[in-house]
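This is what each chain is made of:
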Amino acid sequence: MMPAEDLDAEYPEDDWLSLSGIQHFSFCKRQWALIHVEQLWDENYLTAAGHIEHQRVDDYSESELRGDVLSIRGMRVFSRHLGITGICDVVEFHRSSRGISIQGREGLWEVFPIEYKHGTAKTIDADRLQLCAEAMCLEEMMVCSIPEAALFYHKTRRREVVELDDSLRDTVRADFQQMHQLLSRGSTPSAKPSKACDACSLRNLCLPELMNKKSVSNYIEMRLHEFVTDD
Ligand code: SF4
């Protein structure tokens, strides 16, 4: 495990985490741990919709040049400092004198990642954190600076430009550091039942109701009673 205070240190590849896990972590730390520490997964309609829409984007591993914008779909990215890897839906390169040079293309280009999401913009920062993590990977890989990026929501067909400020970046660093610590300890945070549980893909595996009962035996007794009275 990398020491918490050593920002220049790098995680070995074997310890890299899935970049997209930061969405789960932001939604609920326990949900992230159930998926990534305990390797459980239960697909509900929300995650299924997300997969189908992502397939449409990830289907084309090709680049396309339109005017001064070069788009690359399904680009694999990583950060040794954060110890993460993942795939960017689309990375746009905008021709600009403030940009960087890229292999096989003339001129200078600014880097602008775009993440596609189903539904509409969320009140929590999950999507923005994932997008920021993608940008931080690209910055490390391409030695560049990415001040902003965008989220595209399928339902509203709108592109939301996100400023990648220090606060978002600090949260990305802190979240991944905590994920690395939880994974290395094999530790899963306990359930904190909230409204989020209603849309949680792992509700049936997490059983947050148990947290409100005095004991597991009380819970089982209650469910058995429900079963008998339903008959
Ligand atoms: S059911 Fe609730 S507490 Fe359990 S993982 Fe889902 S959101 Fe977290």
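Residues numbered from 1 in each chain as written. Predicted model: local features only at pLDDT ≥ 70, side-chain atom pairs only at ≥ 80, totals over all residues. Heavy atoms only, no water.

Caption draft 1: Seen up close, the overall build of the protein. When helices and strands are tallied, the protein shows seven helices and seven strands. N-terminal to C-terminal, the α/β element order of the protein is β-α-α-α-β-β-β-β-α-β-β-α-α-α. Across the 231 residues of the protein, 39% fall into the buried class. On the protein, roughly 13400 Å² of surface is accessible, and the fraction owed to carbon and sulfur atoms is 49%. (Helix = DSSP H or I, 4+ residues; strand = E, 2+ residues; numbered from the N terminus. Buried < 20%, exposed > 50% of the residue type's maximum accessible area, 1.4 Å probe, protein only. Areas by Shrake-Rupley, 256 points an atom, 1.4 Å probe, with all protein chains shown as cover.)

Caption draft 2: Structural view of helix α5 (residues 166-185). Relative to the 28 Å expected for 20 residues at 1.5 Å per residue, α5 spans 29 Å between its end C-alpha atoms, a close match to the ideal helical length. Along α5, the residues that are buried comprise Leu-168, Arg-169, Val-172, Asp-175, Phe-176, Met-179, His-180 and Leu-182. Down the axis of α5, the smallest arc covering the buried residues is 165°, so these residues share one side. Every exposed residue of α5 that faces more than 90 degrees away from the buried side is listed here: Asp-166 and Arg-185. Taken together, the buried residues of α5 touch β1 (17-18), α1 (21-27), α2 (29-36), β4 (84-100), α4 (126-142) and β7 (158-163). (Expected span 1.5 Å × (residues − 1). Arc of directions from axis to C-beta. Contact = heavy atoms within 4.5 Å.)

Caption draft 3: Representation of the pattern of salt bridges. Applying the stated criterion to the full structure yields 10 salt bridges. The salt bridge partner of Glu-92 is Arg-159, with a shortest N-O separation of 3.0 Å. A residue pair is termed long-range when its members are at least 10 positions apart, and Glu-92 in strand β4 and Arg-159 in strand β7 qualify at 67 residues. A salt bridge links Arg-203 to Asp-198; its shortest N-O distance comes to 3.1 Å. A residue is classified by how much of its surface remains accessible, and Arg-203, at 27% relative accessible area, is partly exposed. If you follow the salt bridges from partner to partner, you end up with Asp-125, Arg-128 and Glu-160 in one network. (Salt bridge = Lys/Arg side-chain N within 4 Å of Asp/Glu carboxyl O.)

Caption draft 4: Highlighting the site of the ligand. Taken together, Phe-27, Cys-28, Gln-31, Ala-191, Lys-192, Cys-197, Cys-200, Arg-203, Cys-206 and Pro-208 make up the full set of residues adjacent to the ligand. A per-class count over the shell around the ligand returns seven nonpolar, one polar and two charged. Looking at the shell around the ligand, you find at least three residues from each of domain 1 (13-188) and domain 2 (190-231). (Near = heavy atom within 4 Å. Nonpolar A, V, L, I, M, F, W, Y, C, P; charged D, E, K, R; others polar. Domains from an automatic or database assignment.)

Caption draft 5: Molecular detail of the environment of Glu-10. Mapped onto the elements, Glu-10 comes out in the segment before β1. Given a relative accessible area of 47%, Glu-10 falls into the partly exposed group. With 69 residues separating them along the chain, Glu-10 and Ser-79 place their C-alpha atoms 8.5 Å apart.

Caption draft 6: Expanded view of the packing of aromatic side chains. Summed over all chains, the structure comprises three aromatic pairs. With a centroid separation of 5.6 Å and an interplanar angle of 90°, the aromatic rings of Phe-25 and Trp-32 are classed as edge-to-face. Trp-32 shares its class with Phe-25; the two are buried. Relative to Phe-152, the ring of Tyr-116 lies with its centre 5.1 Å away and its plane at 45°, an arrangement referred to as tilted. In this pair, Tyr-116 is assigned in strand β5 (residues 109-117) and Phe-152 in strand β6 (residues 148-153), connecting sequence segments 36 residues apart. Per residue, the accessibility class of Tyr-116 equals that of Phe-152, and both read buried. (Phe/Tyr/Trp six-rings, centres within 6.5 Å; stacked < 30°, edge-to-face > 60°.)

Caption draft 7: Spotlight on the pairing of strand β3 (residues 69-79). As paired elements, strand β2 (residues 63-66) and β3 share four bridges and run antiparallel to each other. Its bridge partner lying in β3, Arg-66 is registered against Val-69. Taken together, β2 and the strand that follows it, β3, pair antiparallel across an intervening segment of two residues, in which Gly-67 is found at a positive phi of about 60°. Joining the antiparallel neighbours β3 and β4 is a turn of four residues, in which Gly-83 adopts a positive phi near 70°. (Pairing = 2+ DSSP bridges.)

Caption draft 8: Molecular detail of the packing of α4 against α5. Packing of α4 against α5 leaves a shortest axis separation of 9 Å and a crossing angle of 90°. Classified by the interaxial angle, the pair formed by α4 and α5 is roughly perpendicular. Only Leu-168, Arg-169, Thr-171, Val-172, Arg-173, Asp-175 and Phe-176 of α5 make contact with α4, whose side of the interface consists of Arg-128, Leu-129, Cys-132, Ala-133, Met-136 and Glu-139. (Axes fitted to C-alpha atoms, helices over the stretch in contact; angles between N-to-C directions. Parallel < 35°, antiparallel > 145°, perpendicular 65-115°, else oblique.)

None of the figures reported here should be taken as evidence of function without further support.
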